[in-house]
Amino acid sequence: LFEIAKQHILIVIISSSLSIIIALTISILTRFAFMNDFEEFLLGLATFGQTIPTVAILALLVPFLGYGFKPALFALFVYGFLPVLRNTIEGFNTIPEEIRESARAMGMNRFQIITKVELPLALPAILAGIRISLILNISVATIGATVGLSGFGTLIVNGIRSDDTIMILKGAIPVSLLALAVESLFINLEKRFRLPVMAD
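Residues numbered from 1 in each chain as written. Predicted model: local features only at pLDDT ≥ 70, side-chain atom pairs only at ≥ 80, totals over all residues. Heavy atoms only, no water.

Trainee: I'm lost on the nonpolar core in this one. Help?
Mentor: The nonpolar side chains of a soluble globular protein tend to be buried, and buried together. Ranked by internal contacts, the top residues of the largest apolar core, which has 36 residues, are Ile-11, Leu-85 and Ile-130. Within the residue set of this core, elements represented by two or more residues are helix H1 (2-29), helix H2 (39-49), helix H4 (69-93), helix H6 (110-140), helix H7 (152-162) and helix H8 (165-199). Residue contributions to this core peak at 10 residues, all from H4. Discounting chain neighbours no more than four positions away, the residues touching Ile-11 are Phe-69, Ala-72, Leu-73, Leu-76, Ala-141 and Leu-149. Core analysis: the next-biggest nonpolar cluster, separate from the first, contains seven residues, Leu-58, Val-62, Ala-75 and Val-147 among them. (Core = buried A, V, L, I, M, F, W, Y, C linked by side-chain atoms within 4.5 Å. Buried < 20%, exposed > 50% of the residue type's maximum accessible area, 1.4 Å probe, protein only. Helix = DSSP H or I, 4+ residues; strand = E, 2+ residues; numbered from the N terminus. Contact = heavy atoms within 4.5 Å.)

Structure follows, in structure tokens:
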């Protein structure tokens, strides 16, 4: 069980780290003039992408990437990438223009406005996107068992095949607890970073 837990958590950490880093980078680039025109397209892509079932993505990837780690990693990356991208861009867009104008009046350049003004103010929305991303990946990683990925999903799938309720619970309960722990942690973080902004 420990080995299965380690493998499940490992793929979630790898896929989520890639999703968060790339999504944040692209979202920040949209704040610069040369990427402004792509913002609406990226938001539409993020919204549409989340409507595609995980099983469909895995089924399409298997002929190209084979079974096991690679197709599951790619599917988790996509599912983790989209909520972080959407929430970060929307977090930036909710910042009043007057705040940016005040920052420009103080002599800040575009990079300083993004790093010192926009990112701190958008942080609660960014954290919410990361929370959604992690919870999705923790859950979706169980479906990776259908393409040979080891993890809690292996116990669930094998339990269903053998009609073994105990085995199903051994996979389902840890996944649920892990998702709840991550949600609780990030909700507290969101509250912590939201309160100073509201107080201001």
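Right, picking up where we left off after that structure.
Trainee: What exactly am I supposed to notice about helix H3 (residues 54-65) here?
Mentor: Two residues of an α-helix separated by three or four positions point the same way, owing to the 3.6 residues in each turn. Spanning 12 residues, H3 covers 15 Å between terminal C-alpha atoms, matching the ideal 16 Å at 1.5 Å per step. Looking only at H3, the buried set comprises Thr-54, Ile-57, Leu-58, Leu-61 and Val-62. One side of H3 carries all its buried residues, which in axial view fall inside an arc of 140°. Pointing more than 90 degrees away from the buried face of H3 are the exposed residues Ala-59, Leu-60 and Pro-63. The elements touched by buried residues of H3 are H4 and H6. (Expected span 1.5 Å × (residues − 1). Arc of directions from axis to C-beta.)

Trainee: Sorry if this is basic, but what is going on with the packing of H1 against H6 here?
Mentor: Packed helix pairs are specified by the crossing angle of their axes together with the interaxial distance, meaning the distance between the axes. Close contact between H1 and H6 brings their axes to 11 Å; oriented N to C, the two are set at 150°. Crossing of H1 over H6 shows right-handed handedness. Residues His-8, Val-12, Ser-15, Ser-16, Ile-20, Leu-24 and Ile-28 of H1 form the contact with H6, whose own contacting residues are Ile-114, Leu-119, Ile-126, Ile-130, Leu-134, Asn-137 and Ile-138. A per-class count over the contact of H1 with H6 returns 10 nonpolar, four polar and no charged. (Axes fitted to C-alpha atoms, helices over the stretch in contact; angles between N-to-C directions. Left-handed = near helix turned anticlockwise from the far one by under 90°. Nonpolar A, V, L, I, M, F, W, Y, C, P; charged D, E, K, R; others polar.)

Trainee: I tried to follow unusual backbone geometry on my own but got confused; where do I start?
Mentor: Leaving glycine aside, a negative phi is the common case for residues, and trans is the common case for peptide bonds. Within the chain, Asp-163 stands out as a residue other than glycine whose phi angle is a positive 55°. Within the element layout of this structure, Asp-163 appears in the loop between H7 and H8. With relative accessibility at 68%, the residue Asp-163 sits in the exposed group.

Trainee: What should I look at first to understand the side chain of Arg-100 in this one?
Mentor: Relative to the helices and strands, Arg-100 is located in helix H5 (residues 97-105). A polar contact is formed between the side chain of Arg-100 and the backbone oxygen of Phe-92, at a distance of 2.7 Å. When sequence neighbours within four positions are dropped, the list of residues in contact with Arg-100 reads Arg-31, Phe-92, Ile-95, Ile-113 and Glu-118. (Polar contact = N/O pair within 3.5 Å; in protein donor to acceptor, adjacent residues only side chain to side chain.)

Trainee: What is the right way to look at a nonpolar patch on the surface in this model?
Mentor: Residues Leu-10, Ile-14, Leu-18, Ile-21, Ile-22 and Phe-69 make up a contiguous nonpolar surface patch of about 490 Å² in total accessible area. Ranked by the residues each element gives to the nonpolar patch, the list is headed by H1, at five residues. Along the polypeptide, Ile-14 turns up in helix H1. According to the relative accessible area criterion, Ile-14 is partly exposed, its value standing at 30%. (Patch = residues over 30% accessible without salt bridge, like charges linked within 9 Å, V, L, I, M, F, W, Y side chains within 5 Å. Areas by Shrake-Rupley, 256 points an atom, 1.4 Å probe, with all protein chains shown as cover. Salt bridge = Lys/Arg side-chain N within 4 Å of Asp/Glu carboxyl O.)

Trainee: Could you clarify how one ought to interpret the confidence of the model for the protein chain in this entry?
Mentor: For residues with low pLDDT, the predicted coordinates do not support detailed interpretation. This prediction gives the protein chain a mean pLDDT of 85; 96% of its residues lie at or above 70. The low-confidence segment residues 195-200, where pLDDT is below 50, has one contact with residues more than four positions distant or belonging to other chains. (pLDDT = per-residue confidence, 0-100.)

Trainee: It is not clear to me how the side chain of Asn-137 should be interpreted in this structure. Could you clarify?
Mentor: Structurally, Asn-137 is set in helix H6. According to the relative accessible area criterion, Asn-137 is buried, its value standing at 0%. Leaving out residues up to four positions away in the same chain, Asn-137 has contacts with Val-12, Ser-15, Ser-16, Leu-76, Tyr-79 and Gly-80.

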